[in-house]
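Examining the three-dimensional arrangement
Residue strings, one per chain:
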Amino acid sequence: MQTIIISSPLVSHRLSLALPVPRSPLINYHHGAPPSIRLSSHRFTNSLRLFSSAAAASRDSEMATEDVQDPRIAKIAASIRVIPDFPKPGIMFQDITTLLLDTEAFKDTIALFVDRYKGKDISVVAGVEARGFIFGPPIALAIGAKFVPMRKPKKLPGKVISEEYSLEYGTDKIEMHVGAVEPGERAIIIDDLIATGGTLAAAIRLLERVGVKIVECACVIELPELKGKEKLGETPLFVLVSSA
């Protein structure tokens with residue numbers, strides 16, 4: 001991969017932007033990563049590598065990425081604040097509340113997802129509690145899909161179906177209402193961030209149990225060092241920003 005170093009006073013993070021070579025609408029992800037441009041800044045030690053990624057073994061060839069150079073991603077990455085040692089020492093917290101304060105960055109974030117999923121016969125946008133509830137509904141409205149909240153235990157009032165997943169110490173569950181989806185529907189699962197991947201993997205299992213086709217998982221941010229993508233199995237993952 002060739003890298004060009006550019007110093008920019010307009011970007012407050014050290015960024016690596018994926019500038020993919022134009023490809024056909026049906027892309028084989030076995031051919032490696034695209035070239036990139038890196039923007040450097042001395043104001044922060046945090047770096048964000050921006051890219052659109054998908055798992056190598058895609059189960060849905062119709063949803064192969066149409067990679068294009070997109071300057072909006074730099075603004076999105078620059079709007080995400082990184083808070084060290086929160087909620088405990090050693091954690092670099094990716095704070096999307098500053099992205100929500102930037103109306104252009106927020107609008108561009110939604111638009112990038114909408115551009116990707118419109119016209120793909122997706123009838124379900126499943127949002128993972130809690131920040132998946134921020135990004136999921138506007139995407140669902142724009143592509144003509146219903147929004148299905150996937151919640152923590154005892155948050156939904158009706159009859160629910162649940163799926164358990166492991167935590168560092170113990171287990172937790174994710175739930176959705178019975179009848180919220182129908183067998184054969186095509187869904188994407190939305191969250192703000194993928195870390196260890198446990199919650200997204202549980203959401204995949206829960207939807208697949210009732211016969212839903214998972215087209216893709218989509219997140220604004222990925223923490224690749226935690227290898228959460230590996231827990232998603234064959235389900236593709238699409239992200240805008242990769243933090244390192």
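Residues numbered from 1 in each chain as written. Predicted model: local features only at pLDDT ≥ 70, side-chain atom pairs only at ≥ 80, totals over all residues. Heavy atoms only, no water.

Quick look at the overall build of the protein chain now. Of regular secondary structure, the protein chain possesses 5 helices and 13 strands. Split into buried and exposed, the 244 residues of the protein chain put 48% on the buried side. Sequence-distant contacts, at least 24 apart, represent 67% of the contacts inside the protein chain between residues at least 6 apart. Split by element, the accessible area of the protein chain, about 12100 Å² in all, is 56% carbon and sulfur. (Helix = DSSP H or I, 4+ residues; strand = E, 2+ residues; numbered from the N terminus. Buried < 20%, exposed > 50% of the residue type's maximum accessible area, 1.4 Å probe, protein only. Contact = heavy atoms within 4.5 Å. Areas by Shrake-Rupley, 256 points an atom, 1.4 Å probe, with all protein chains shown as cover.)

With the rule as written, the count across this model stands at 4 aromatic pairs. Look at Phe86 and Phe93: their rings are 5.2 Å apart centre to centre, the planes differ by 85°, and that puts the pair in the edge-to-face class. Overall, Phe86 belongs to the partly exposed group, its relative accessible area being 43%. The partly exposed category is assigned to Phe93, whose relative accessible area is 23%. (Phe/Tyr/Trp six-rings, centres within 6.5 Å; stacked < 30°, edge-to-face > 60°.)

One pass over the full model with this rule turns up 0 disulfides. Here Cys217 stays free of any disulfide, with the sulfur of Cys219 as its closest cysteine sulfur at 6.8 Å. (Disulfide = S-S within 2.5 Å.)

The next thing to look at is the confidence of the model for the protein chain. The pLDDT averaged across the protein chain works out to 80; a share of 71% of its residues lies at or above 70. Every residue in residues 1-67 scores below 50 in pLDDT, and together they form 164 contacts with partners more than four places removed in sequence or on other chains. (pLDDT = per-residue confidence, 0-100.)

With that out of the way, let us pick up the packing of helix H3 (residues 103-117) against helix H4 (residues 132-143). Two elements in contact, H3 and H4, have axes whose closest approach is 9 Å; the angle formed by their N-to-C orientations is 50°. In this view, H3 runs oblique relative to H4, as classed from their interaxial angle. As for the relative orientation of H3 and H4, their crossing is right-handed in sense. Within the contact between the two elements, H3 uses Phe106, Thr109, Ile110, Phe113, Val114 and Tyr117 and H4 uses Ile134, Phe135, Pro138, Ile139, Ala142 and Ile143. When grouped by side-chain class, the residues that make up the contact of H3 with H4 number 11 nonpolar, 1 polar and no charged. (Axes fitted to C-alpha atoms, helices over the stretch in contact; angles between N-to-C directions. Parallel < 35°, antiparallel > 145°, perpendicular 65-115°, else oblique. Left-handed = near helix turned anticlockwise from the far one by under 90°. Nonpolar A, V, L, I, M, F, W, Y, C, P; charged D, E, K, R; others polar.)

All right, on to the side chain of Gln94 then. Secondary-structure assignment places Gln94 in strand S6 (residues 92-95). Reaching out from Gln94, the side chain makes a polar contact with the backbone oxygen of Met92 at a distance of 3.4 Å. Side-chain polar atoms of Gln94 contact the side chain of Ser243, separated by 3.0 Å. (Polar contact = N/O pair within 3.5 Å; in protein donor to acceptor, adjacent residues only side chain to side chain.)

The next thing to look at is the side chain of Asp70. One can find Asp70 in the loop between strand S4 (47-50) and helix H1 (72-78). On the accessibility criterion, Asp70 (13% relative accessible area) is buried. Polar side-chain contacts of Asp70 include one of 2.6 Å to the side chain of Arg72.

What follows covers unusual backbone geometry. Of note, the amide linkage connecting Phe86 to Pro87 takes the cis form, showing an omega dihedral of 5°. Tracing the backbone through its elements, the reader meets Pro87 in the loop between strand S5 (81-84) and S6. Here the phi dihedral of Asp121 falls at roughly 60°; this positive angle occurs in a residue that is not glycine. When you line up the elements, Asp121 lands in the loop between H3 and strand S7 (124-128). Positive phi outside glycine occurs at Lys154, with the angle close to 65°. With respect to the helices, strands and loops of the structure, Lys154 is situated in the loop between strand S8 (146-150) and strand S9 (160-166).

A few words now on the nonpolar core. Phe113, Tyr117, Phe135, Ile139, Ile143 and Ile188 are the most contacted members of the largest nonpolar core, which totals 30 residues. Broken down by element, this core gets its largest block of residues, 6 residues, from H3. Counting 27 residues, the second largest nonpolar core, distinct from the first, contains Ile194, Val212, Cys217 and Cys219. (Core = buried A, V, L, I, M, F, W, Y, C linked by side-chain atoms within 4.5 Å.)

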